[in-house]
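As a plain string of letters, each chain reads:
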Amino acid sequence: MSAGLDIGDFSRFLAGGEAYAVVVVGAASGIGRRAAEFLGGLGAAVGCLDLEPAGAAAAAGAIAAAGGRAIAGAVDVTDEATIAPALDRVEGAFGPIRALVNSAGITGRTNVKGHEVTLDEFDRVCRVNLRGAMALSKAVLPRMLGQGYGRLLHIASIAGKEGNAGMAAYSASKAGMIGLVKSLAKDYAETGVTVNGLAPAVIRTPLVEALPEATVRYMTERIPMRRTGEPDEVARMIAWIVSPAASFTTGFTFDLSGGRATY
Ligand SMILES: NC(=O)c1ccc[n+]([C@@H]2O[C@H](COP(=O)([O-])OP(=O)(O)OC[C@H]3O[C@@H](n4cnc5c(N)ncnc54)[C@H](O)[C@@H]3O)[C@@H](O)[C@H]2O)c1
């Protein structure tokens, strides 16, 4: 696999009879949905996985309707037993998984002071965001190592870099994901497998629409560009990070914050 390809070249793998299979977890909605469609449009063969099978099927259907290749499946990142069978199905349809984008996530209750967060709530958020990221990594990394190539991308958050008030559980879980990315990247740095993160600020998705307006205002006011991001802007960066072209970056959590991140 050449390292010099740009992101428009996923279809070259298909032309050679080989699919550039990308799994998107959290493909039913928001960032994952847009990323799945964008990758499908670039010629990647996309496994659309989500807790919500109907939403995943709709994403795969949209890709197919636009002339791309996709299948849908159900996965619950908190239930390890559901992950391997879902990845097996994607491999059965498209061959080896070249990349996995983990866009599954929840905010939990927001606009609450840290001392008001119940430990049950804290566990619930960490179980999806952080433990889920670990479970997906454990499942897909051996497959990538076996082919000496892989792009693993976890969608973290600016909240993990900077800490958002009223979002202790979410911020902590996302900071944990950033640490996980750094550690895994070093474990596999010499293998052809990269592990990166992406830290968006506020992107207009169903997840954000469901937040209290005060929380959205708090987050948007901190963005120097004074606007929310678009799912399309996220999808484009995701596509580059999981492409063969992104060959000398691992362990990094990319910024997508309209200037908010300072590191
Ligand atoms: N939208 C933003 O402003 C923003 C900012 C920073 C980070 N993020 C992160 O980006 C990711 C995607 O966010 P979004 O805005 O697209 O949210 P979204 O709610 O629109 O989509 C999240 C998807 O994850 C799925 N999901 C939830 N729990 C799951 C589980 N246990 N197993 C499998 N799938 C599960 C949901 O069904 C949903 O389809 C999340 O990790 C989120 O924390 C979003």
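Residues numbered from 1 in each chain as written. Predicted model: local features only at pLDDT ≥ 70, side-chain atom pairs only at ≥ 80, totals over all residues. Heavy atoms only, no water.

(A) Spotlight on the confidence of the model for the protein. A residue-level look at the protein finds 94% of positions with pLDDT of 70 or above and a mean pLDDT of 94. Per-residue pLDDT stays below 50 along residues 1–5; that stretch engages in 13 contacts with residues further than four places along the chain or on separate chains. (pLDDT = per-residue confidence, 0-100. Contact = heavy atoms within 4.5 Å.)

(B) Structural view of the pairing of strand E6 (residues 193–200). Burial runs high along E6: 8 of the 8 residues are buried. The alternating pattern of E6 places Val193, Val195, Gly197 and Ala199 on one face and Thr194, Asn196, Leu198 and Pro200 on the opposite face, and all of these are buried. Sheet topology places strand E5 (residues 150–155) next to E6; 6 bridges connect them, and they run parallel. Bridged to Leu153 within E6 is Asn196. Of the strand pairs in this sheet, E6 and strand E7 (residues 253–256) are connected by 4 bridges, and their pairing is parallel. Along E7, the bridge assignment pairs Gly197 with Thr253. (Buried < 20%, exposed > 50% of the residue type's maximum accessible area, 1.4 Å probe, protein only. Helix = DSSP H or I, 4+ residues; strand = E, 2+ residues; numbered from the N terminus. Pairing = 2+ DSSP bridges.)

(C) Highlighting the packing of aromatic side chains. Taken as a whole and judged by the stated rule, the model has 3 aromatic pairs. Considering the side-chain rings of Tyr20 and Tyr149, the 6.2 Å spacing of their centres and the 75° angle between planes classify their relative orientation as edge-to-face. Of this pair, Tyr20 sits in the loop between helix H1 (11–15) and strand E1 (21–25) while Tyr149 sits in the loop between helix H5 (119–147) and E5, and the two are 129 residues apart along the sequence. Considered together, Tyr20 and Tyr149 belong to a single accessibility category, that of buried residues. (Phe/Tyr/Trp six-rings, centres within 6.5 Å; stacked < 30°, edge-to-face > 60°.)

(D) Spotlight on the site of the ligand. Looking at the ligand, there are 28 residues lining it, with Ser29, Asp50, Tyr170, Ile203 and Thr205 nearest. Relative to its unbound accessible surface of 820 Å², the ligand loses 93% to contact with the protein. Its atoms largely coinciding with the cavity grid, the ligand occupies the largest pocket. Of the residues forming the shell around the ligand, the biggest block, 3 residues, is contributed by helix H8 (residues 206–209). A breakdown of the residues in the shell around the ligand according to their chemical character gives 17 nonpolar, 7 polar and 4 charged. (Near = heavy atom within 4 Å. Areas by Shrake-Rupley, 256 points an atom, 1.4 Å probe, with all protein chains shown as cover. 1 Å grid on protein atoms, 1.4 Å probe; cavity = no way out; pocket = protein on both sides within 12 Å on 5 of 7 lines; lining within 4 Å. Sits in = over half its atoms within 2 Å of the grid points. Nonpolar A, V, L, I, M, F, W, Y, C, P; charged D, E, K, R; others polar.)

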